[in-house]
Amino acid sequence: MYTVFVVDDDLPVLHYLKEALPWEAVRCRLGGCFQDPEEALSAAGASQVDILVTDIGMPGMDGMALIRAMRLLHPKLKVVILSCHDEFDYAQQALKLHVTDYVLKETMTAGLIGDLLKQMSGALDAERSSEAAKRDMEAKVKQNDSLLRQAFMFQTIQSPLLNVQEWERRAQEYGIDFSRGERVPVLAFPDRPREAVARFRTPELLRDTAENILTEALGTGACEVFPYQQGELLLLFPFSSEHRIGSWKRVDEMLRTQQKCLLQYAKVSYSFMIGLPCKEPLRLKENLAALVGLGKERFYMPHGSVGRMEQALPVAGLGDELLAQYVPALEDFRQLVLQEKTDSIAATVGQWMGVMRENRFHPVEVKEWMLKIVLEIRLRLKSLQMNQTSFSSGLLHHDVMELTSLQELGEWLQHFLNQAVECAGRIRKESKRREVLECQRFVASKWQERVGLEEAAAHLHLHPNYLSRLFKRETGENFVEFVTRTKMEKAQELLERTDKTVEEIAAMLSYENKNYFTKLFKAHTGALPSLYRSSKKR
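All figures in this text were calculated on a predicted structure; none of them were measured in a lab.

Caption draft 1: Quick look at the pattern of salt bridges. In the structure shown here, the tally under the stated rule is 22 salt bridges. The partner of Arg194 in a salt bridge is Asp399, with the nearest N and O atoms 3.8 Å apart. Placement of Arg194 in helix α7 (residues 193-200) and of Asp399 in helix α16 (residues 393-402) is noted, with a sequence separation of 205 residues between them. A salt bridge links Glu503 to Lys514; its shortest N-O distance comes to 2.8 Å. Of this pair, Glu503 sits in helix α21 (residues 502-508) while Lys514 sits in helix α22 (residues 514-525); the two residues are eleven residues apart in sequence, bridging distant segments of the chain.

Spelled out as structure tokens, the structure:
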């Protein structure tokens, strides 16, 4: 449906067009009828207008001025002029304004205007279809160019550079021309690739989005952008060794700006690793290969940072030293879980991540070391309860090995430990409740006997003092109070449902002294046993 504005200072004309035109049949909707051109122009600024049907001669702003002003708001506006004048100069002005049709009011009918609107709807359909096809073609061309640039970069890094002249010819097609000066390569990569890919559903869509943002933000000539893999991109910045400090500063400032753009528009945090300046193809190839192979250095880079390859420290492969840290680390993390020290998790994890960063162990060894620790904790949790824990060893292995940075590993470990503490608390609570419930069941089954705390503790294989404290904490009453209450409830049942005497019921409940039993019963129910029985019978 296309929106139509009708403007005429003649109210009967407005009423006629509003009521007589078959709006839905011509696939149009009436957006507004206006006697005042200024009012129509104001309304056009707040809504989409596709077709304008307007009078020529109107007070204040005439139809020609209205057309010019509305075309500034809606450049593709279709126009039908209504006029009582048959002068040639109006027709000339209408032609200059690309008016679709010019209708004299004497000959105007609803059918004529309806046919014109139908024709304009068809023309608008055709224009939109053409624009959509054009956009699709441009997108395919752009996508094809992106794939070609990616293929060129892959070939440059991974294949032997046998024909330098041919490479230079192809490189010039993508803006790389060493005759104009040096280039410094930069690797751009998402800090959390799994989350970023999940956000965009495919690595290709993430890569294309990042490429579009960087290309738009950097502008033509500032840098060459090449897609690589998994949302990564390779950038080539112009560089001048003669003005080395200024060039480094310029590259660093531009990368900081691009980080903000990517975070703002793609909602993805990116880091950048800057390579070494080079001015010939073979050196660039070596530099690019070194950049994309810097997985170890990237592992220790903080998220949202800009690093320099020449500043990156070598990563130690000290497997024995890392192994020596296993026992103290496991003990620290295990105590956090078993003692439920939630408040200490962040500090303890930060401390051990600092050890990893300081020694710069190999990332794979760090992840395997951490995986062994979390699996030990999982095994400990599993041993504390009868049921399977919620931590699957397969999922834990997958999660840990997929982490791409030390920062991400630390955040994951904090989340795991918080879950483990919650699980340990739940197990402890359930375990204590099981012990108390078993104690209550034992007392209930021994209602005819004298049951002491020592006997119940022996049945549960617990120390009497521990059982006493546990029972009080979990139920709010001490063990003796529970035993008495259990017996008095049984006495109530016997008084209501049997004909046994008070003396017999007291003896059944192992009370040798009838008066002591009567005193306990009254304290529990507020009535003597005989009165309780008679009240229940009534």
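Caption draft 2: Spatial organisation of the sheet that holds strand β6 (residues 182-190). Strand order in this open sheet of five strands is β7-β8-β6-β9-β10, and the pairing throughout is mixed. Each having just a single partner strand, β7 (224-227) and β10 (306-308) make up the two edges of the open sheet. Going from strand to strand, the sheet's axes swing by 25° on average, the running direction of each strand aside. Helix α9 (residues 244-266) contacts β6, β8 (233-239), β9 (270-274) and β10 of the sheet and is inclined by roughly 160° relative to β9. Helix-sheet contacts for helix α10 (residues 281-292) involve β6, β8 and β9, and the interaxial angle to β6 is about 20°.

Caption draft 3: Looking closely at the sheet that holds strand β5 (residues 101-104). Judged by pairing direction, the sheet is parallel, and its five strands sit side by side in the order β2-β1-β3-β4-β5 without closing on themselves. On the outer flanks of this sheet lie β2 (28-34) and β5, each paired with one strand and no other. Direction aside, the axes of adjacent strands within the sheet are offset by 20° on average. By the bridge criterion, five bridges tie strand β3 (residues 51-55) to strand β4 (residues 78-83) in an arrangement that is parallel. Across the sheet, Leu52 pairs through a bridge with Val79, a residue of β4. The strands that helix α3 (residues 63-73) touches are β1 (2-7), β3 and β4; relative to β3, the one it contacts most, it runs at about 160°.

Caption draft 4: Seen up close, helix α2 (residues 37-44). Every buried residue of α2 is accounted for by Pro37, Ala40, Leu41 and Ala44. Relative to the axis of α2, the buried residues are bounded by an arc of 100° and lie together on one face. In this fold, the buried residues of α2 make contact with β1, β2 and α3. Between a side-chain oxygen at the N-terminus of α2 and the backbone nitrogen of Glu38 the separation is 3.0 Å; the capping residue is Asp36.

Caption draft 5: Up close: the packing of aromatic side chains. Scanning the entire structure with this criterion turns up 17 aromatic pairs. Relative to Phe226, the ring of Tyr174 lies with its centre 6.1 Å away and its plane at 75°, an arrangement referred to as edge-to-face. Here Tyr174, found in the loop between α6 (164-173) and β6, pairs with Phe226, found in strand β7; they are 52 residues apart in sequence, far enough to count as distant. Across the pair, Phe226 and Tyr174 agree in class, each one buried. Clustering of aromatic rings is evident, with ring pairs tying together Phe152, Trp167, Tyr174, Phe178 and Phe226. Arg308 extends its terminal NZ or CZ atom over the ring of Trp248, reaching a point 3.8 Å from the ring centre. Sitting over the ring of Trp447, Lys490 keeps its end group 4.6 Å from the ring centre.

Quick notes on the rules
Residues numbered from 1 in each chain as written. Predicted model: local features only at pLDDT ≥ 70, side-chain atom pairs only at ≥ 80, totals over all residues. Heavy atoms only, no water. Salt bridge = Lys/Arg side-chain N within 4 Å of Asp/Glu carboxyl O. Helix = DSSP H or I, 4+ residues; strand = E, 2+ residues; numbered from the N terminus. Pairing = 2+ DSSP bridges. Axes fitted to C-alpha atoms, helices over the stretch in contact; angles between N-to-C directions. Contact = heavy atoms within 4.5 Å. Buried < 20%, exposed > 50% of the residue type's maximum accessible area, 1.4 Å probe, protein only. Arc of directions from axis to C-beta. Polar contact = N/O pair within 3.5 Å; in protein donor to acceptor, adjacent residues only side chain to side chain. Phe/Tyr/Trp six-rings, centres within 6.5 Å; stacked < 30°, edge-to-face > 60°. Lys NZ or Arg CZ within 6 Å of the ring centre and 35° of its normal.

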